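Geometric and topological summary
Okay, here's what each chain looks like letter by letter:
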Amino acid sequence: MSAAARWRSRLCRPAEVPHAAQGRAPPLPSGFPRLRARLWPPRLGPARPSPAARLREAAGPPAARLSAPSPVQVPVPVPVPAPPSRPRPRAPARAPQASAAGAGAVRGRCGDAAGGAVARSGQRAAAGGRQLLLLLFLLPPRRGALRGRPACTMDWEVLTREISLYLESQVRVGLFGSGVGLSLVLGFGVAYACYYLSSIAKKPQLVASNDRFCRFLEEYCPVVTETYYPTIWCWEGRVQTLLRPFITSRPQVQYRNELIKTADGGQISLDWFDNNDSLYYPDASTRPTVLLLPGLTGTSKESYILHMIHQSETLGYRCVVFNNRGIAGEDLLTPRTYCASNTEDLEAVIHHVHSLHPSALFMAAGVSMGGHRQMLEKLFDMDLVMKARTVREFDKQFTSVMFGYRTIDDYYEDASPCRKLKSVGIPVLCLNSVDDVFSPGHAIPVETAKQNANVALVLTSCGGHIGFLEGIWPRKCTYMDRVFKQFVQAMFEHGNKIFSM
């Protein structure tokens, strides 16, 4: 007898089987576990119940099994060679009825469980595909395939249920309960980490035409040459721009407010952080002063301004925040606010601060750009201005008209830094992200900056607009804060070495 015939004979059973009479499903062939152990070694871990044991558990107690209706059993003739030495034993006359009733009870109680197991096994076909393929290969031929041989009855429901239970025992239910789910998670994590390290985390591009300025930054402001690792779960520019005000912390800062008058009758609000407890510069007359310029509609209460003051405090410096007209809550005395091209208020503030501390080192740090209605309604149609949906519409209806520009294009041309970079006469470091939603990479005047030896650009691949979040939970310090701290310290303490290196 061939090996295939022997396997077919073991998978078949005669019409009269003692297992069905006792209310139990027939077990898997005795040789199949040995073949399975040879082809597929057992997994490490706790022992699993056999399919037959799980079948008996799902079937319930014998009393309940006998109460279930008996389905129709389809006989399938399969050739099975009879043993030559002894005759095949037969059960009593009523055994077939009991067998059918018992087997039907088992099928009735286990129908739902078997159906669910078959469905689940279909989803896990990859895990049990080899076993299922082997069982299908060993199925007996159809009726009449081999004539003249004894026939036996194949119980297809029991076979299907046994296959499904076997597959279910090979692959655990649940995503993390199986190795497949954990492998998917680990694979996705490795792929994301590779993408992050290769395409997101990069060293910033340092643009400067002066080699001595570059060497100065590399030595005293090394952060501009280090790899910037944006927050791994929010590295995209728009996400960083939107989340920064909500994620970053707000250090406590005690200000001293000062109102100064302007030549046109207006007033400007200055918020001072004197840092009288400075250990490095106890003398207020020589304590270095940093002038901070908030962005559009920004004030001294912005989180990035508070972080800059905190960084300056650790270095012992004094800070003063320039609040644009009508922004910090003071009265707007004239029908004039501010714009990107007008620097008259800034010039007045610089002269005022320098006159108060003429012996102290002095530098400025600006962020983005720096909006009372009763005064403005006399000169502008504020209802029309408030209907503006874009920055360009607002500048066309309000900003360009306030400062006397003929068209909006004339205002933008005058406010563009491209025209002013050539005339910069002191060392300036500009930090910008190429994914900035307001100042994108294609609008950065890189070629113009290369024409001035006093200008250096640091361009990061990510960071958004004033975002520059880094770390898993970026609440305390951003990449922009670190650049500010190192550059301010380098200029105050080693600024005389820029052109001697």
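In this convention, every chain numbers its residues from 1, walking through the sequence in written order. Two thresholds apply to this predicted model, a pLDDT of at least 70 for residue-level local features and 80 or more for giving and counting side-chain atom pairs, whereas whole-chain, interface and lining totals are computed over all residues. Excluding hydrogens and water, the side-chain figures rest on all heavy atoms present in the structure.

Here's the deal with a nonpolar patch on the surface
A cluster of nonpolar side chains, I232, W233, I472 and W473, forms an exposed patch at the surface whose accessible area comes to about 460 Å². Following the sequence through the fold, I472 ends up in the loop between β8 (455-460) and α19 (479-494). With a 1.4 Å probe rolled over the protein chains alone, any residue whose accessible area is under 20% of its type maximum counts as buried; one over 50% counts as exposed, and the rest are partly exposed. On the basis of relative accessibility, which here comes to 64%, the residue I472 falls in the exposed class. Patch building starts from residues that exceed 30% relative accessible area and form no salt bridge, then joins like charges within 9 Å and nonpolar side chains (Val, Leu, Ile, Met, Phe, Trp, Tyr) within 5 Å. Only the protein chains shown count as cover for residues, and the accessible areas themselves come from Shrake-Rupley with a 1.4 Å probe. For this analysis, a salt bridge means a side-chain nitrogen from Lys or Arg found within 4 Å of a carboxyl oxygen belonging to Asp or Glu. Secondary structure follows DSSP: runs of H or I at least 4 residues long count as helices, runs of E at least 2 residues long count as strands, and numbering of each begins at the N terminus.

Considering the sheet that holds strand β2 (residues 256-261)
Pairing between the strands of a sheet is mediated by backbone hydrogen bonds and can be parallel or antiparallel. For two strands to count as paired, DSSP must find a minimum of two bridges between them. Read across the sheet, five strands follow the order β2-β3-β5-β4-β6 without closing on themselves; strand pairing throughout is mixed. Sheet topology places β2 and β6 (362-366) at the edges, where each strand pairs with a single neighbour. Going across the sheet, the axis of each strand differs from the next one's by a mean of 25 degrees, ignoring polarity. The pairing of strand β3 (residues 267-273) with strand β5 (residues 318-323) spans five bridges and is antiparallel. Paired with S269 across the two strands is N323, which belongs to β5. This element, helix α13 (residues 344-356), spans β2, β3, β4 (289-293), β5 and β6 of the sheet and lies at about 45 degrees to β3. Angles shown run from 0 to 180 degrees and are taken between the N-to-C directions of axes, each axis being a line fitted to C-alpha atoms and, for helices, limited to the stretch in contact. In what follows, residue pairs with any heavy atoms lying within 4.5 Å of each other are defined as contacts.

Concerning the confidence of the model for the protein
Confidence of the predictor at the level of single residues is captured by pLDDT, which takes values from 0 to 100. Put simply, the protein has an average pLDDT of 75, and 61% of its residues get 70 or more. The model gives residues 13-26 a pLDDT under 50, and that stretch makes 34 contacts with residues more than four places away or in other chains. When the criterion is pLDDT under 50, residues 91-154 qualifies, and its contacts beyond four places in sequence or with other chains add up to 108 contacts.

What about the sheet that holds strand β7 (residues 428-433)?
In space, the three strands of this open sheet follow the order β1-β8-β7, with mixed pairing throughout. A strand with exactly one partner marks an edge of an open sheet, and here the two such strands are β1 (205-208) and β7. The mean angle between the axes of side-by-side strands here comes to 20 degrees, regardless of whether they run parallel or antiparallel. The pairing of β7 with β8 spans six bridges and is classified as parallel. Opposite C430, over in β8, you have L457 as the bridge partner.

Side note on the nonpolar core
Counting 43 residues, the largest nonpolar core has F216, L217, V290, L292, I309, L429 and F487 as the members making the most contacts within it. Elements supplying a minimum of two residues to this core: α9 (179-200), α10 (211-220), β4, α12 (303-315), β5, β6, β8 and α19. If you tally residues by element for this core, the top one is α19, at nine residues. Aside from chain neighbours lying at most four places away, what touches F487 is F213, L217, C221, M363 and L429. Take the buried residues of types Ala, Val, Leu, Ile, Met, Phe, Trp, Tyr and Cys, join any two whose side-chain atoms come within 4.5 Å, and each joined set is a nonpolar core. Judged by nonpolar contacts, the second largest core, of eleven residues, contains F380, M382, F398 and I408.

Quick look at the side chain of T460
Structurally, T460 can be placed in strand β8. T460 sits in the buried class, given a relative accessible area of 2%. A polar contact of 2.7 Å, which involves the side chain of T460, links it to the backbone oxygen of C462. Beyond its immediate stretch of four places on either side in the chain, T460 contacts P204, Y228, L431, N432, S433, V434, F468 and Y479. Under the rule applied, a polar contact is a pair of N or O atoms within 3.5 Å (in protein, one hydrogen donor and one hydrogen acceptor; residues adjacent in sequence only if both atoms are side-chain atoms).

Some words on the packing of aromatic side chains
Whether two aromatic rings pair depends on their centres lying within 6.5 Å, for rings of Phe, Tyr and Trp, where Trp uses its six-membered ring; planes under 30 degrees apart make the pair stacked, over 60 edge-to-face, and the rest tilted. Summed over the entire model, instances satisfying the criterion amount to twelve aromatic pairs. Both rings, one in Y228 and one in F468, keep their centres 6.4 Å apart while their planes meet at 55 degrees; by these two values the pair is tilted. A residue is classified by how much of its surface remains accessible, and Y228, at 1% relative accessible area, is buried. Judged by relative accessible area, F468 falls into the buried class, the value being 3%. Ring-pair connections join several aromatic residues into one group, and the members of that group are Y228, F468 and Y479.

Observations regarding the pairing of β3
Among the seven residues that make up β3, seven are buried, leaving the element largely enclosed by the rest of the structure. Of the strand pairs in this sheet, β2 and β3 are connected by six bridges, and their pairing is antiparallel. Note on β3: the bridge partner recorded for N257 is D271. Between β2 and β3, which pair antiparallel in sequence order, lie five residues; one of them, G265, sits at a positive phi of approximately 90 degrees.

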